[in-house]
Structures are given as structure tokens and as C-alpha cells.
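As a plain string of letters, each chain reads:
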Amino acid sequence: MPIKLPSSLPAYSVLTNEGVMVMDEELAAHQDIRPLKIGLLNLMPKKIQTETQFARLIGATPLQIELTLIRMTDHAAKNTTAEHMDSFYKSFADVTDQKFDGLIITGAPIEHLDFEDVSYWNELEQIMDWTQTHVHSTFGVCWGGMAMLHHFHGVPKHLLENKLFGTYRHTNLAPASPYLRGFSDDCVVPVSRWTEVRQPEIERAGLPILLGSDVTGPCLIEDPDHRALYILNHFEYDSDTLKQEYERDLASVQVEGSQIAPPVGYFPNDDPAQKPLNRWRSHAHQLYGNWLSEIYLTTPFDMKRIGQERTDLRG
């Protein structure tokens, strides 16, 4: 089954050309089935790239998905045109009365700031609290996941001396988890961050770690009481996203006269002249497909009932 997108959204033509099943609103209206209503709170500067990456993953399942793009109410996007934002996005203020089967909160390139120093932190706290009464399952990604861990559990983020940057192997720590159904014993995940959360602090919060690495630490964390998953790395990345980040950082540090190492384990033979291979795509689709499957199996058919009981997804 397809994902429902406006036919004029850039992601529509990109995904159609890739063979992803995409449906416009007119065709979807003729289907006698309730689609899953998924929100994407997009905090990344490259809005179009990010919305396409997530639409690709959630549009690859046998379920009809209705995707709503959400922005912070008073925070203006600097890297995406006002026309695009006005055409395709709703502010959080516009959707506060709506209910969602799922919500993705993306990362944001503001790791160096304390959470409370982020200009839209107060509204984001309202959104995180709102998920408990208006969203069946929330997926926090990278900084978005760290923000939820901090808000709900007081788990701090720690600045790193060096950027964790590359593709790293992660161990499947919970093979019986429905979110890791079909996963191998280990998998490769793209990592790009200057901060970390630490395993002892996650364990003290009583949260199970589903994927982890001896090098990069916890990756996928479940929060049953808040019906949430937190992933601190980037399964959604395109094949060349790390390459783009490397070239951006390289251009920046060359001006300063310093150097930057290529992303670890990413380029064949660690040679930036070679085309990177995507070694995480299948697990990315598996994870987001499993998340949507759990939502489909547990969300109330009557959306008014979403969030009425503060239990885990299978409670």
C-alpha cells in the first residue's frame, strides 16, 4: 500500500521515480480503509531532503500512510523557501487538536547548545507532553531522541572531543523485540554527531537498549511508558548524505587551515574518491516497517481514543 503525499511535494516525484508506491489525495479518498496518520516534525535545515528520506522509509510498507509535515510555530526556516513551508507544512499550533497514530521528531544541528538554550525549547516541551495525549507512538531521531530522553527522564547529553562520523556496526541486543523483527545479529548504521548519551544513564532510567555499539554507545532505545522509540543515529540517511557532510565540513575547515578525517568505514578502502556503498538500507526499511506494523496492530481504530490511556503499545 502507498504513502499519501501531495502530488506537488518534491518527494512525490522523487519516490515515484524510485518505485515507491505513492498516492495523491484524490486516489486515496476512494480507498475504503483508514490510513495511518503519521506526523513529521522536521527540525532539520534541509527540509526537502529530510522529508524525502523519511517519506521513502514509511512509504515502503503495505499500509496506507497519510503524512503531515509539521514545523515549530514561531521558528522560521532559513534554508527552505517560505513558499515550500507555506504550501506543505502546518505549524504545531495548527495541529494541536488533531490526533496521530505516529510522530517522528527529527534531529537538529544544535548539539552544542544546552537544551534550555534552544530558541524553541519551550514549544518543543509542549509538543513532547502533547504526544502523551495525542500520539499513539513517537519516534525521536538523533537530537530529537536526546531531547525526549532529557525531557522525560532527565538523561543528559555529553559533548564529545571528536565527532562520531561514519558507518559503524551495531549489535542487536534485543532479538525478540518486535521493532527488530527480521534484523541480523548486527547491522551498519550511519552516525554523525558531536554528542552522546551514556549507557549507565540510560540503564538508570530503566530503558531497554535495543541496538548498541562499543564505539558509539546506545543507538536504539525503547521507552514503553511514553510509547516512544529513540534512535540516536541516522538509518534514514541517503547513500551520499555522509559524503555531503564530509565535503561541507572539509570546505569549512580548509578555510581555517585544519583537517578533517573521512567518515569511518564509509568510503570503499577509505578513499573519498570512490563512490560510497549503502550498507544500511535494508535494516532502515525493516526498522521503520516494524514501527509502523506495531502502530497498525495496536492503535485504536477510533482516533479519538488515542492517548486516552497512558500505557505501552501492547498494554
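Shown above is the structure to which this text applies.
Residues numbered from 1 in each chain as written. Predicted model: local features only at pLDDT ≥ 70, side-chain atom pairs only at ≥ 80, totals over all residues. Heavy atoms only, no water.

Description of the environment of Gly-182
The line we're drawing: Note on conventions: DSSP H or I runs of at least 4 residues are helices, E runs of at least 2 residues are strands, and numbering of each starts at the N terminus. Residue exposure (1.4 Å probe, protein chains only): buried if accessible area is under 20% of the type maximum, exposed if over 50%, otherwise partly exposed.
The residue Gly-182 is located in the loop between β8 (158-172) and β9 (186-196) in this model. The class for Gly-182 is exposed, based on a relative accessible area of 64%. Through-space distance from the C-alpha of Gly-182 to that of Leu-287 is 8.9 Å; in sequence the pair is 105 residues apart.

Focus: the environment of Asp-238
Using the following cut-off: In what follows, residue pairs with any heavy atoms lying within 4.5 Å of each other are defined as contacts.
Take Asp-238: it is sitting in the loop between β12 (228-231) and α9 (241-256). The sequence separation of Asp-238 and Leu-160 amounts to 78 residues, and the corresponding C-alpha distance is 25 Å. With residues near it in sequence (within four places) discarded, Asp-238 still touches Gln-49, Gln-53, Arg-56, Asn-278 and Trp-280.

With respect to helix α1 (residues 10-18)
Selection criterion: To be clear, the arc concerns the directions from the helix axis to the C-beta atoms.
Listing the buried residues of α1 in full gives Ala-11, Tyr-12 and Leu-15. Here the buried residues of α1 occupy an arc of 105° about the axis, which is enough to place them on one side.

Considering the nonpolar core
Applicable threshold: By nonpolar core we mean a set of buried residues, namely Ala, Val, Leu, Ile, Met, Phe, Trp, Tyr and Cys, connected to one another through side-chain atoms within 4.5 Å.
Of all hydrophobic cores here, the largest spans 51 residues; its most connected members are Leu-5, Phe-139, Phe-235, Tyr-288 and Trp-291. Examining the composition of this core, we find that 6 residues originate from one element, helix α10 (residues 281-298), more than from any other. Ignoring anything within four residues of it in the chain, the contact list for Phe-139 reads Leu-103, Ile-104, Ile-105, Leu-220, Leu-229, Ile-231, Leu-287, Tyr-288 and Trp-291. Counting 35 residues, the second largest nonpolar core, distinct from the first, contains Leu-41, Ile-105, Ala-108 and Ala-228.

A look at unusual backbone geometry
In this model, Arg-227 sits at a positive phi of 50°, which is unusual for a non-glycine residue. Relative to the helices and strands, Arg-227 resides in the loop between β11 (217-223) and β12. On the basis of relative accessible area, Arg-227 is assigned to the buried category, the value being 4%. The backbone of Asp-270 sits at a positive phi, close to 55°, despite the residue not being glycine. Considering the arrangement of structural elements, one finds Asp-270 in the loop between α9 and α10. Judged by relative accessible area, which is 53%, Asp-270 ranks as exposed.

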